[in-house]
Amino acid sequence: MHVLIIEDEKSLHHEVQQFLVQSQYLVDSAYTYAEASEKIFVNSYDFVLLDLGLPGGDGLDLLREARRNDRQEASFIILTARGTIDDRVKGLDLGADDYLPKPFSLLELQSRMQAITRRKFGLKRQELTFGNGFLLDATGRTLRYHDQDVVLTKKEFDLLHYLLLHKTRVLTRLQLGEHLWGNVLEDDSDSNYIDVHIKNLRKKLGQFAPADFLETVRGIGYRMAGDN
């Protein structure tokens, strides 16, 4: 998951960043309104953690701008010391997905992010089944086939998880690269970086069962079949 932290308080920013990186999120940072606006416009994010009091502008205006420019894929969580009902209602009305007043627990932040992911993708829990026997546990970051452990690298796990969350949707190599590894493919659209990981993933899954549910859409990217 690709996360943008927009927070000008450096100690808090660093604390949240370290926690999310340790929890296997890919994290970008912005400290000012202008910097945040540019990153939201250029990149695709799964989550944006948004402080309201920013140098150069108000976080609510940034949220309004993002939604107006159709950045609908990102889930926004407002993190702020401005805890009035008025600010909370404005943020939710503008399209925020949740609101967490400061000071907050990092574990609660993670729990709320997981809850938003479940709602967004219609999941009842953090476990995903596929391929007639595979079970992916997003919280424990494990993959099993019946009673056997399937060992994946971090990137292979993140790739599989992202494809499963978007089951039946065709994802381009650029989309996968942006959401999982930042802008690694930006300057090399012909890179086979994603292809190599897909090949390795198919090989590992294929040791337990046919991996034909992981489909190649020629000239575009990849898709997880929806009938498995």
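About the thresholds
- Residues numbered from 1 in each chain as written.
- Predicted model: local features only at pLDDT ≥ 70, side-chain atom pairs only at ≥ 80, totals over all residues.
- Heavy atoms only, no water.
- Helix = DSSP H or I, 4+ residues; strand = E, 2+ residues; numbered from the N terminus.
- Buried < 20%, exposed > 50% of the residue type's maximum accessible area, 1.4 Å probe, protein only.
- Contact = heavy atoms within 4.5 Å.
- Domains from an automatic or database assignment.
- Buried area = accessible area lost by both parts, 1.4 Å probe.
- Salt bridge = Lys/Arg side-chain N within 4 Å of Asp/Glu carboxyl O.
- Polar contact = N/O pair within 3.5 Å; in protein donor to acceptor, adjacent residues only side chain to side chain.
- Nonpolar A, V, L, I, M, F, W, Y, C, P; charged D, E, K, R; others polar.

Where an unreviewed UniProt entry is consulted, the protein chain appears under the name Two component transcriptional regulator, with the organism given as Hymenobacter swuensis DY53.

On to the side chain of histidine 197, then. By the secondary structure assignment, histidine 197 is in helix α8 (residues 193–206). On the basis of relative accessibility, which here comes to 12%, the residue histidine 197 falls in the buried class. Residues contacting histidine 197, with those up to four places away along its chain left out, are Lys155, Glu156, Leu159 and Trp181.

Splitting the protein chain by domain gives domain 1 (2–121) and domain 2 (127–224). The straight-line distance from the C-alpha centre of domain 1 to that of domain 2 is 27 Å. Together, the buried faces of domain 1 and domain 2 total about 1,100 Å²; carbon and sulfur atoms form 46% of this surface. Our count for the contact surface shared by domain 1 and domain 2 stands at zero salt bridges. Remark: the boundary between domain 1 and domain 2 carries two residue pairs in polar contact (both at pLDDT 80 or more). In terms of residue class, the side of domain 1 that touches domain 2 is built from three nonpolar, six polar and two charged.

Taken as a whole and assessed by the stated rule, the structure comprises 12 salt bridges. The salt bridge involving arginine 67 is made with aspartate 97; its shortest N-O contact spans 3.3 Å. With arginine 67 in helix α3 (residues 59–68) and aspartate 97 in the loop between α4 (85–93) and β7 (98–101), this residue pair connects regions lying 30 residues apart in the sequence. Given a relative accessible area of 31%, aspartate 97 falls into the partly exposed group. One salt-bridge network, in which partners are shared between bridges, spans Glu7, Asp51 and Lys102.

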